[in-house]
Amino acid sequence: MVWTWAAIAAAAVVAVLTSVAAVAVWQRPRKASGPGEVEQLLADAEAVRAAAERAAEAAEEARREAERAAGARDRAEDRYLEARWEARVATADEAHLLVQRAALAAYRRGELSVEQLNGIWHHAGPPAEQLDDGRVRDARRAYEEAVADTVQSREQVHVASVAAEVLVEEAHNAEVDVLEAWEAREAARPTLDKLFQEENA
């Protein structure tokens, strides 16, 4: 799963670099240089607008993936806590067990944070080395990987969102350039009034 995220991260970096290149092209000064300038600017604006739409779709997909990763992280956390709980049950006495059960119930209701739950379990149960069985280690490893995946997916959302914002801004700038070039071309065209004035002169 980590390799999948690495590949996605590399693809996002390529997309951002492509966006930066597009931005660099669009930031150069523009002057209406000929009769086809408006048409060329219009085609460029449409291309940038299409790229912005693709970037927005990629950002939305990254957001959906981040939500899936967060859900997987939550499920992995629950499995890890359950594995720890079962290991504690096997080694705890009845008084410690009641305190730990109440703390776990409060955590599941959202009344305790993970840190508070861990603190209670640390003081109300057997030492951690007695709980270090293979199932707890595997559940902890899966939870840590899910946390790392969630962090990477959030970074991907940020990268994709920034790329989409940049391209939307560039699409807007391109449309402004088209309008300005069209207005310049229209202003340069001879009007009927100018033609009549030239004929009368």
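Because the structure is a prediction, the values reported are computed rather than measured. Along each chain, the written sequence defines residue order, and numbers are assigned to residues from 1. Residues qualify for local features only when their pLDDT is at least 70, as the model is predicted, and side-chain atom pairs are given and counted only at 80 or more; totals for whole chains, interfaces and linings, by contrast, use all residues. Heavy atoms throughout the structure, all of them, feed into the side-chain values; hydrogens and water do not.

### Quick look at the side chain of Glu77
And then number 1: For helices the rule is a DSSP run of H or I covering at least 4 residues; for strands it is a run of E covering at least 2, with both sets numbered from the N terminus onward. Of note, Glu77 is situated in helix 2 (residues 37-91).
And then number 2: For every residue, the accessible area (1.4 Å probe, protein chains only) is compared with the maximum for its type, and the residue is labelled buried under 20%, exposed over 50%, or partly exposed between those bounds. The charge count treats Lys and Arg as positive and Asp and Glu as negative. His and the chain ends do not count. One side-chain nitrogen of Lys or Arg within 4 Å of one carboxyl oxygen of Asp or Glu is enough to make a salt bridge. Despite its burial, Glu77 pairs with no opposite charge; the closest candidate is Arg73, at 5.4 Å N-O.
And then number 3: Excluding residues within four positions of it along the chain, Glu77 makes contact with Tyr107, Val114 and Tyr143. The contact definition used throughout considers only heavy atoms, calling two residues in contact when any of these lie within 4.5 Å.

### Re the pattern of salt bridges
And then number 1: Scanning the entire structure with this criterion turns up 10 salt bridges.
And then number 2: Note that Glu61 is salt-bridged to Arg64, the shortest N-O span being 2.8 Å. Here the residue Glu61 and the residue Arg64 both occupy positions in helix 2, the gap between them amounting to three residues, near one helical turn.
And then number 3: According to the relative accessible area criterion, Glu61 is partly exposed, its value standing at 35%.
And then number 4: Residue classification places Arg64 among the partly exposed residues on the basis of a relative accessible area of 35%.
And then number 5: Two residues, Glu65 and Arg68, come together in a salt bridge whose shortest N-O distance is 2.7 Å. Here Glu65 pairs with Arg68, and both are found in helix 2, just three residues apart, close to one helical turn.
And then number 6: Its relative accessible area of 21% is what places Glu65 among the partly exposed residues.
And then number 7: Classification of Arg68 by relative accessible area gives partly exposed; the value is 42%.

### Comments concerning the environment of Leu81
And then number 1: Looking at where Leu81 falls in the secondary structure, it is placed in helix 2.
And then number 2: The spatial distance from the C-alpha of Leu81 to the C-alpha of Leu117 is 9.8 Å, given a sequence separation of 36 residues.
And then number 3: With near-sequence residues (within four places) excluded, Leu81 lies in contact with Tyr107, Leu117 and Trp121.

### What to know about the packing of aromatic side chains
And then number 1: Under the pairing criterion, centres of Phe, Tyr and Trp rings, with the six-membered ring standing for Trp, must be within 6.5 Å; the plane angle then separates stacked pairs below 30 degrees from edge-to-face pairs above 60, leaving the rest tilted. If you walk through the whole model with that rule in mind, you get one aromatic pair.
And then number 2: For the ring pair Tyr80 and Tyr143, a centre distance of 5.9 Å and an interplane angle of 10 degrees mean the geometry is stacked. Residue Tyr80 is located in helix 2, and its partner Tyr143 is located in helix 6 (residues 134-188); the two are separated by 63 residues in the primary sequence. Here the two residues Tyr80 and Tyr143 agree in accessibility, since each one is buried.

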